[in-house]
Amino acid sequence: MSAALPARPPSAPFTSTRNACKLCEPLGASLAYRGIAGCIPLIHGSQGCSTYIRRYCISHFREPLDVASSNFAETAAIFGGRDNLFTALDNVSRSYKPRAIGISSTCLSETIGENVPMYLKQYLRERADTAPALFYASTPSYRGTHMDGFHEALFAAVSSLTGSDSAPAEEEPGRRINLISSLVSTEDLRELHRILSSFGAPYTLLPDYSETMDGVSWETYQKLGPGGTEIEDIRKMRGAAGTLYLGHPPGSDAGRWLEERHAVPLRHGELPIGIENNDSFFAALADLAGKETPELWIKERGRLIDAYIDGHKYLNGKRALIYGEEDFVCALASFLDEVGVVPVIAATGASGGSFKERVRGALRNTRQPVEIAGDADFVEMLEMARFLKPDFVMGHSKGLFLSRELGIPLVRCGFPIHDRIGGQRILHLGYRGTLNLFDLLCNSLLAAKQDQHDRGYTYL
Ligand code: SF4
């Protein structure tokens, strides 16, 4: 349990965000849409929003990401963007031939009060025979973060494809498992596939941008490459034995929809980082599949414990500043707590939700004061860190300036990693992902210590 903090000098009052620790809502929605096979994201707003999203994601994934736009100019901003949206839908349908178009609103289209659901009904009435599936997520960035957009998009796809009628789902052999994941790396998604396949039950993993955002090299450019969760597999989610949702969506919840409309039992879990979270994750999968956890993963668990024993002396008692998306920070807090690190600052740019309670619950061994901050920006984190003196910062690459200011190492993980190659391929999940993070952390601290040593050393 965390103890009360000693008095800290108050920060100067400040109302605006300074160096945000969150991203724009349609960015998260676009990423989730690219995790659906044959789906192209479309931003209802200005060209700049889609350009920013493309540029931002390409720097992390090193992969092209097409994001269409309804391309608002002055006229649309004043009189509404219905015609722009229809033109965009026509153009995207003609040039990409997508199976679905995932639409997200923007700050501008929300501010002028665009009724996109009504527009889409009109569009589908006019082009009933030719239109692909259309999903719509309301994603004004002044209301939430990229994670709100991400979960909204998943909800839009699942609710649209599974429908709201309670007719029984098509029978299929085996107990289908629905696994819905919060934002993770492409290597994490591949690991989730490996884990799910090992249980031998049919499953739907949603979203799945492991190929679309981290595919192979092509001989010729393809507008909509392979990969993504098949639309048919999303439809089948309504007949599954249960849904495991990795993460806690603060708003719209696709798992809740499946439970309320289609009686598919839902359980939420933390991202499987650390032994405790992984044990719960594998137990939930075993329960849903009606099978024991395969021996392969029991061995990986044993290897992880062995690594903890080998490396604990380099971590025990260290103090960390961790930041990023709520779900990711909660899972990191649990992992660090079990390897003897005190996350003295756990921060996210998201506000509301159950972040503080979840981090507190994850700190089962920590006895020292901990600052858990929602709605935090990087300047606020720096102010806290000057007082709480962490030994390292752990999170995405936007924390570089914290590490520089504080003179401590940055352990890069999560999203985005803009200043290194391979950020999209960092494995965080599962026993193997935890082992990877553990090695990364130990070696980052050892390297920092070695660099400061007068003569260096070559033997531990
Ligand atoms: S204007 Fe809003 S929706 Fe567009 S990029 Fe900026 S934050 Fe995102």
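Model, not experiment: these values are computed from the prediction.

Attention now goes to the overall build of the chain. A count of helices and strands for the chain gives 17 helices and 13 strands. Dimensions of the chain, computed from the C-alpha atoms along their principal axes, are close to 70 × 55 × 45 Å. Expressed as a percentage of its 460 residues, the buried residues of the chain come to 55%. Pairs at least 24 residues apart make up 74% of the contacts formed inside the chain by residues separated by at least 6 positions. With an accessible surface of roughly 19500 Å², the chain has 51% of that area assigned to carbon and sulfur atoms.

Another aspect to go through is the packing of helix α11 (residues 275-289) against helix α12 (residues 295-315). Relative placement of two packed helices is described by the angle separating their axes and the distance separating the axes. Two elements in contact, α11 and α12, have axes whose closest approach is 12 Å; the angle formed by their N-to-C orientations is 170°. By the angle between their directions, the pair α11 and α12 is classed as roughly antiparallel. Contacts between α11 and α12 involve I275, D279 and F282 from the first element and W297, R301, L304, I305 and Y308 from the second. Here the residues of the contact of α11 with α12 are counted per class, giving 6 nonpolar, no polar and 2 charged.

Where helix α1 (residues 25-33) meets helix α2 (residues 47-61), the axes come as close as 10 Å, and the angle between the chain directions of the two elements is 60°. Taken together, the axes of α1 and α2 lie oblique to each other. As for how α1 packs across α2, the hand of that crossing is right-handed. Along the contact surface, α1 presents P26, L27, S30 and L31, while α2 presents Y52, I53, Y56, C57 and F61.

Okay, α1 next. The element α1 is largely enclosed, with a buried count of 9 among its 9 residues. For α1, the complete set of buried residues consists of E25, P26, L27, G28, A29, S30, L31, A32 and Y33. For α1, the secondary structure elements touched by its buried residues are β1 (39-44), α2, β3 (100-105), β4 (133-137) and α7 (146-162).

The subject of this paragraph is the sheet that holds strand β7 (residues 242-246). Taken in spatial order, the 4 strands make up an open sheet running β6-β5-β7-β8, and their pairing is parallel. Since the sheet does not close on itself, it has two edges, and those belong to β6 (203-206) and β8 (266-269), each with one partner. Put simply, the sheet's adjacent strands are angled 15° from each other on average, direction ignored. Where strand β5 (residues 177-181) lies against β6, 4 bridges are found, and the strand directions are parallel. From the neighbouring strand, I177 faces β6, where its bridge partner is Y203. Sheet contacts for helix α8 (residues 186-198): β5, β6 and β7; angle to β6, the most-contacted strand, approximately 165°. The strands touched by α11 within the sheet are β5, β7 and β8, with β7 carrying the most contacts at an inclination of about 165°.

Turning next to the site of the ligand. Every residue lining the ligand is accounted for by C24, P26, C49, Y52, T106, C107 and S141. Across the shell around the ligand, the residue classes break down as 5 nonpolar, 2 polar and no charged.

Once that is clear, we can look at the domain arrangement of the chain. Each assigned domain of the chain is listed here: domain 1 (25-162), domain 2 (177-212 + 224-293) and domain 3 (296-452). Residue-level contacts link 12 residues of domain 1 with 15 residues of domain 3. With both chains or domains summed, domain 1 and domain 3 bury close to 1100 Å², and 60% of this area falls on carbon and sulfur atoms. When residues of domain 1 are sorted by the area they lose upon contact with domain 3, Y56, H60 and R62 head the list and together hold 55% of the total. Along the contact surface separating domain 1 from domain 3 lie 6 residue pairs in polar contact (both at pLDDT 80 or more). Elements supplying a minimum of two residues to the side of domain 1 that touches domain 3: α1, α2 and α7.

Our next topic: the sheet that holds β3. Strand order across the open sheet formed by 4 strands is β2-β1-β3-β4, with parallel pairing between neighbours. Edge positions in the sheet fall to β2 (68-69) and β4, since each of these pairs with one other strand and no more. Bridge count for β1 against β2 is 2 bridges, and the pairing is parallel. Within β2, the position partnered with L42 by the bridge is A68.

Procedures and definitions
- Residues numbered from 1 in each chain as written.
- Predicted model: local features only at pLDDT ≥ 70, side-chain atom pairs only at ≥ 80, totals over all residues.
- Heavy atoms only, no water.
- Helix = DSSP H or I, 4+ residues; strand = E, 2+ residues; numbered from the N terminus.
- Buried < 20%, exposed > 50% of the residue type's maximum accessible area, 1.4 Å probe, protein only.
- Contact = heavy atoms within 4.5 Å.
- Areas by Shrake-Rupley, 256 points an atom, 1.4 Å probe, with all protein chains shown as cover.
- Axes fitted to C-alpha atoms, helices over the stretch in contact; angles between N-to-C directions.
- Parallel < 35°, antiparallel > 145°, perpendicular 65-115°, else oblique.
- Nonpolar A, V, L, I, M, F, W, Y, C, P; charged D, E, K, R; others polar.
- Left-handed = near helix turned anticlockwise from the far one by under 90°.
- Pairing = 2+ DSSP bridges.
- Near = heavy atom within 4 Å.
- Domains from an automatic or database assignment.
- Buried area = accessible area lost by both parts, 1.4 Å probe.
- Polar contact = N/O pair within 3.5 Å; in protein donor to acceptor, adjacent residues only side chain to side chain.

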